[in-house]
Amino acid sequence: MSVTAPAAARVPVILGFGDSLTAGYGMTAAQAFPARLEAWLHERGIAARVVNAGVSGDTTAGGLARLDWALADKPDLVILALGANDALRGVEPSAVRDNLDKTIGKIEASGAKVLLLGMLAPPNWGDEYKREFDGIFPELARIHHLPLYPFFLEGVAMKPELNQPDGLHPNERGVAVLVDRIAPLVADLIGGAS
């Protein structure tokens, strides 16, 4: 008769799926949003592994094209943070919406939960573009019944002391602000303390 030890509880896998804001442009891997999020969770006794699937310069179309590869990690939760580069390039909002809608559908089909991080268009493309683009994220969150964090860079955008010299990418202090704002939502979605 053989006796087997009980299987260890599986540690939730969180996939940070985005662009340079996720990848940690201009910083070390340990300073990037996914690593700092994992550290925040661990400091509070929450077991989780956060995978950095950020690619600098990526658009919603690029994200959709590489999604199947990223989902190979079998995440329990995907933090979807794409759209900034589309807005900077003036990509047609209907195309952005379609790409994100398909991305969300594929993630949900994999069995993972989604936390949607919204993005806001810069004003230089005009009011109509901004209105259409900014409406994408709330609309998709409503349609797919997803938790939405309305603006990924809330509390950091336009604050020089929290950004790198380019004014677009958070510095280490900026990432800490983002993590402190977003991590509680992540903790709720993966079930809090383990």
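The rules behind each value
- Residues numbered from 1 in each chain as written.
- Predicted model: local features only at pLDDT ≥ 70, side-chain atom pairs only at ≥ 80, totals over all residues.
- Heavy atoms only, no water.
- Phe/Tyr/Trp six-rings, centres within 6.5 Å; stacked < 30°, edge-to-face > 60°.
- Helix = DSSP H or I, 4+ residues; strand = E, 2+ residues; numbered from the N terminus.
- Buried < 20%, exposed > 50% of the residue type's maximum accessible area, 1.4 Å probe, protein only.
- Salt bridge = Lys/Arg side-chain N within 4 Å of Asp/Glu carboxyl O.

> What exactly am I supposed to notice about the packing of aromatic side chains here?
Two aromatic rings are characterised by how far apart their centres lie and by the angle between their planes. Throughout the structure, instances matching the rule amount to four aromatic pairs. Relative to Phe 133, the ring of Tyr 129 lies with its centre 6.0 Å away and its plane at 15 degrees, an arrangement referred to as stacked. Separated by four residues within a single helix, Tyr 129 and Phe 133 lie in helix α6 (residues 127-144), roughly one turn from each other. On the basis of relative accessibility, which here comes to 11%, the residue Tyr 129 falls in the buried class. Through a chain of ring-to-ring contacts, three or more aromatic side chains come together here, namely Trp 125, Tyr 129, Phe 133 and Phe 137.

> So what exactly am I meant to see when it comes to the pattern of salt bridges here?
Two side chains bearing opposite charge may form a pair once their charged atoms approach each other closely. Per the counting criterion, the structure on display carries seven salt bridges. For Glu 43, the salt bridge goes to Arg 44, with nearest N and O atoms at 3.5 Å. A salt bridge links Asp 68 to Lys 106; its shortest N-O distance comes to 3.3 Å. With Asp 68 in helix α3 (residues 60-70) and Lys 106 in helix α5 (residues 93-109), this residue pair connects regions lying 38 residues apart in the sequence. With relative accessibility at 34%, the residue Lys 106 sits in the partly exposed group.

> Is there a simple way to think about unusual backbone geometry in this case?
Notably, Lys 74 is not glycine yet its phi reads approximately 50 degrees, a positive angle. Relative to the elements of secondary structure, Lys 74 occurs in the loop between α3 and β3 (77-81). Lys 74 sits in the exposed class, given a relative accessible area of 61%. Of note in the backbone geometry, His 145 takes a positive phi value of approximately 55 degrees without being a glycine. Among the secondary structure elements, His 145 is positioned in the loop between α6 and β5 (148-149). Assessed through its relative accessible area of 72%, His 145 is described here as exposed.

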